[in-house]
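# Fold and contact review
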Amino acid sequence: MRLQRATRSAPAMIDVHTHLHPPRLFAAIRRWFAERSTWQLDHPTEPREVAAALHAHGVETFVFCSYAHKAGMATELNEWLARTARELGSGAFALGTVHVDDPDPSADMRAALRDGCIGLKVHENVQRMQLDDPRLRGVLDAVADADGFVLVHVGSIPWSDDTDDGPRRIGEVLARHPGLRVVVAHFGVPEWLASREPRLFLDTTMVFAPESPMRRAIGRDVVAPAAAQIVYGTDWPNIPYAYDGELRGLRELGLDAAALHAITSENARRLCGALAGA
C-alpha cells in the first residue's frame, strides 16, 4: 500500500542521516540488534517503503548510507547505493563507503562519487577505523574535491560513553582538508555538544527524541546559539520508536521558527552542491 504524503503547512524537511542496506546486510544488522540489544526494530527496510514513510512525514529530501564493515565489500556496496538512489529518484541521495584495509580506498571513493554518491559515511565503531586515519587522507580529499561531505559516527556510542578525543581528531581532519565539510552524528555525544566552526555540523540523530535510548538532556540554551551548525537526522528506519520522535523533541525545546527551519531544512543545503538545489 502506498503511503500518502502528510498534509502540512511547514516547509519540507531534509533528513541527512537515514539508512538503506542491501537486503542480506539489513537482515544481518537487524539480527545483531535483536541478539545484542533491547531495541525493538520493526520499521520496514525495503527502500521504497523507507522513502514512502519519510515522504509521509514531510521529508522531501533524504540522504542514506550503509558501511563496509570489512575489506572487500565497498565496491559492490557503493554500486548498490548509487543504483538505489537512481531508482528512488529525485530527493534521494547516497553516501558512499570505503574500508582502509582495501587496496585503494581513494580509488573506491572516487568511483562512488562518479557513480552519483554525494559523500562518505564513516562509522568508527562498526568499521574499526577512525576518520583521522592517514589511509583516509586521499579519500577525504576526493570528497572535498567533489563538493561532498562526510557523515561520521565518532567513538563507541550508544554502547559506551568512553571517549576517544573526538573533538581534537575531527578538528585536525578539518585543518588538514580545508575544503571538507563534516557532520558528526548523534550531536557528537558524549563529547561534542556544540560548534560554530563553519565546516563542522552536528546532526540530531537519536539525541532529542523523548523515547530514544540515546536521548540526552540538551536544552534550548545549547541548541539555539548553535542552530546554524545543526542538521536534522534520524537514523530511520533503524530506530526503536516512531519516525517523528526527533522532530517532537526539537519542538519541545521552544526554538523560534527560523532556528527550527534552519535545523530541519536549510542548513543541510550548505553541506554539498547536490543538496544546495534540493
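The paragraphs below set out a description of the structure included in this document. (Residues numbered from 1 in each chain as written. Predicted model: local features only at pLDDT ≥ 70, side-chain atom pairs only at ≥ 80, totals over all residues. Heavy atoms only, no water.)

## What to know about the sheet that holds strand 6 (residues 182–184)
The parallel open sheet is built from five strands, whose spatial order is 4-5-6-7-8. For this open sheet the edge positions go to strand 4 (119–123) and strand 8 (230–231), each flanked by a neighbour on one side alone. As defined by bridge partners, strand 5 (residues 149–153) adjoins strand 6 across three bridges and the pair is classed as parallel. By the bridge assignment for strand 6, Leu151 is matched with Val183. (Pairing = 2+ DSSP bridges. Helix = DSSP H or I, 4+ residues; strand = E, 2+ residues; numbered from the N terminus.)

## Focus on the sheet that holds strand 1 (residues 13–19)
Taken in spatial order, the three strands make up an open sheet running 1-2-3, and their pairing is parallel. In this open sheet, the two strands that pair with only one neighbour each are strand 1 and strand 3 (92–94). Pairwise comparison of adjacent strand axes, ignoring direction, gives a mean angle of 20° for this sheet. Where strand 2 (residues 59–65) meets strand 3, three bridges bridge the pair, whose relative direction is parallel. In the sheet register, Phe62 faces strand 3, and the bridge partner there is Ala92. Here helix 3 (residues 74–88) sits on the sheet in contact with strand 2 and strand 3, set at roughly 165° to strand 2. (Axes fitted to C-alpha atoms, helices over the stretch in contact; angles between N-to-C directions. Contact = heavy atoms within 4.5 Å.)

## Thoughts on the pairing of strand 1
The buried fraction of strand 1 amounts to seven of the seven residues, a majority that puts the element mostly inside the structure. Strand direction decides the pairing type here: strand 1 and strand 2, joined by five bridges, are parallel. For Thr18, the partnering residue across the bridge sits in strand 2 and is Phe64. (Buried < 20%, exposed > 50% of the residue type's maximum accessible area, 1.4 Å probe, protein only.)

## A look at helix 6 (residues 137–145)
Val139, Leu140, Ala142, Val143 and Ala144 are the residues of helix 6 that are buried. Immediately beyond the C-terminal end of helix 6, within one or two residues, lies Asp147, with a positive phi of roughly 60°.

## Quick look at the state of the cysteines
Taken as a whole, this structure holds zero disulfides when the rule is applied. You can see Cys65 has no disulfide; the closest cysteine sulfur is in Cys117, sitting 11 Å from it. Of all cysteine sulfurs, the one in Cys117 lies closest to Cys272, which takes part in no disulfide; the gap is 11 Å. The class of Cys272 is buried, set by a relative accessible area of 2%. (Disulfide = S-S within 2.5 Å.)

In short, shape yes, function no, at least from these values alone.
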